[in-house]
Amino acid sequence: MRIADRVQVEGGKEKITLVPETLDDLWHLTYILEPGDHVSGDTTRRIQRNDDQMRDTGGEREHMYVTIEVDDVEFARFANRLRVGGEIVDCSREDQLGHHHTLNVEERDELEVEKRWKSDQLERLQEAVEAADNVDVAIATVEEGQAHVHTVAQYGTEERASITSTTGKGEYAQPREELFSELTDVLARMDVEAIILAGPGFTKQDCLKYIQDEAPDLHEKITTVDTSGVGDRGVHEVLKRGAVEEVQAETRIAEEADLIDELMTEIGKGEKAAYGPEQVAKAAEFGAIDTLLVLDEALRRERGEGDWDVDVDEIIEQTEQQGGDVTVFSSEFDPGLQLANLGEVAAILRYRLE
């Protein structure tokens, strides 16, 4: 994420001009933007014409710069865009004021966001800015007969390839080199700066030797990690062991995996942990929170919505004022799913509450 400009405006608001540079940046904006914010950007809008000179043909698209008051935000990962919908409150064409419009924000599109910024939103924005320097990482897991390739992003991991081959004896048996060759081809096509090669046994070492012989430039990007499984299970082991952190500083997913494991350990011991809105709110009142874990979806919860009877923003503010740390979890990744099952908010405490 790139911050192009920051301006203080009336009413204690600040207008920040942002340029999202990756899909991760668009994902971050999903949890930064909220109803009532004013977002401005270039767009096109279908304008209907029906006059004596031109028969109404359903409208023609016209370029314009609009400001909308946000109603809803959607991260369309597979469309590579962020959809920001709302009512037009400022526009060069007055006849368009009050109409609903959706801004389709893509990578490198500039937009202005005017709002009262919360501390966790500014922190998230800063994380997105700093993440621009992170190394792009792929995780390849391999064992006899199969290999999988995942990419690591802040919104989660994504499987990019799954390769299988027939092993053993018989006319349909395939030599291991065919599996290694296919995997090498996939990795060579990826635009990443580092690759973690993981899996059980000696297969990954044999695969590494194959890559060293056949693609020495690719070999230079690779580090190996021992795991008991491949695929999603193997990727989770790689993250838990901190292997990604060795090649990509400040990886959000690795941090979440580590924190959720620490939380589950404390819950298992019945010690310094709280989970669920009521327990965590109580811990915040006592100043007992060392690390607050919040699911990104919880940031949109309103007090009284469903079983949510507390204000998550108040909990975040109390925690920070008392010197605690706050980590917002992605609902796209396994630790976030675990946190969701615990009530969307949890805390590692400084001391046990009775």
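Calculation criteria
Residues numbered from 1 in each chain as written. Predicted model: local features only at pLDDT ≥ 70, side-chain atom pairs only at ≥ 80, totals over all residues. Heavy atoms only, no water. Phe/Tyr/Trp six-rings, centres within 6.5 Å; stacked < 30°, edge-to-face > 60°. Helix = DSSP H or I, 4+ residues; strand = E, 2+ residues; numbered from the N terminus. Buried < 20%, exposed > 50% of the residue type's maximum accessible area, 1.4 Å probe, protein only. Axes fitted to C-alpha atoms, helices over the stretch in contact; angles between N-to-C directions. Left-handed = near helix turned anticlockwise from the far one by under 90°. Contact = heavy atoms within 4.5 Å. Pairing = 2+ DSSP bridges.

A. Region of interest: the packing of aromatic side chains. Using the criterion set out here, one finds 2 aromatic pairs in the structure. Each ring, one from Trp-27 and one from Tyr-31, has its centre 6.1 Å from the other, and the planes form 70°; the classification is edge-to-face. In this pair, Trp-27 and Tyr-31 are both assigned in helix 1 (residues 23-32), 4 residues apart and thus about one turn of the helix distant. Looking at Tyr-31, the relative accessible area reads 9%, which means it is buried. Seen from their ring centres, Phe-180 and Tyr-210 are 6.0 Å apart, and the 55° between their planes marks the pair as tilted. Of this pair, Phe-180 sits in helix 3 (residues 176-189) while Tyr-210 sits in helix 4 (residues 203-214), and the two are 30 residues apart along the sequence.

B. Quick look at the packing of helix 3 against helix 4. Where helix 3 meets helix 4, the closest approach of the two axes is 10 Å, and the angle between their N-to-C directions is 65°. Relative to helix 4, the crossing made by helix 3 is right-handed. On helix 4, the residues touching Arg-176, Glu-177, Phe-180, Ser-181, Leu-183, Thr-184 and Leu-187 of helix 3 are Thr-203, Asp-206, Cys-207, Tyr-210 and Ile-211.

C. Quick look at the sheet that holds strand 4 (residues 60-76). Spatial ordering of the open sheet is given by 1-2-7-3-4-5-6, a layout of 7 strands whose pairing is antiparallel. Looking at the sheet topology across the chains shown, the edges are occupied by strand 1 (2-8) and strand 6 (100-105). Pairs of neighbouring strands in the sheet enclose a mean axial angle of 40°, with direction left out of account. By the bridge criterion, 10 bridges tie strand 4 to strand 5 (residues 81-91) in an arrangement that is antiparallel. The partner of Asp-72 across the bridge, within strand 5, is Gly-85. Contacts from helix 1 reach strand 2 (14-19), strand 4, strand 5, strand 6 and strand 7 (111-115) within the one sheet, and its direction differs from that of strand 4 by about 70°.

D. Representation of the environment of His-99. Structurally, the position occupied by His-99 is in the loop between strand 5 and strand 6. Using a relative accessible area of 38% as the deciding quantity, one classes His-99 as partly exposed. As a C-alpha pair, His-99 and Glu-87 span 12 residues in sequence and 5.5 Å in three-dimensional space. Setting aside its immediate chain neighbours within four residues, His-99 contacts Arg-45, Gly-86, Glu-87 and Ile-88.

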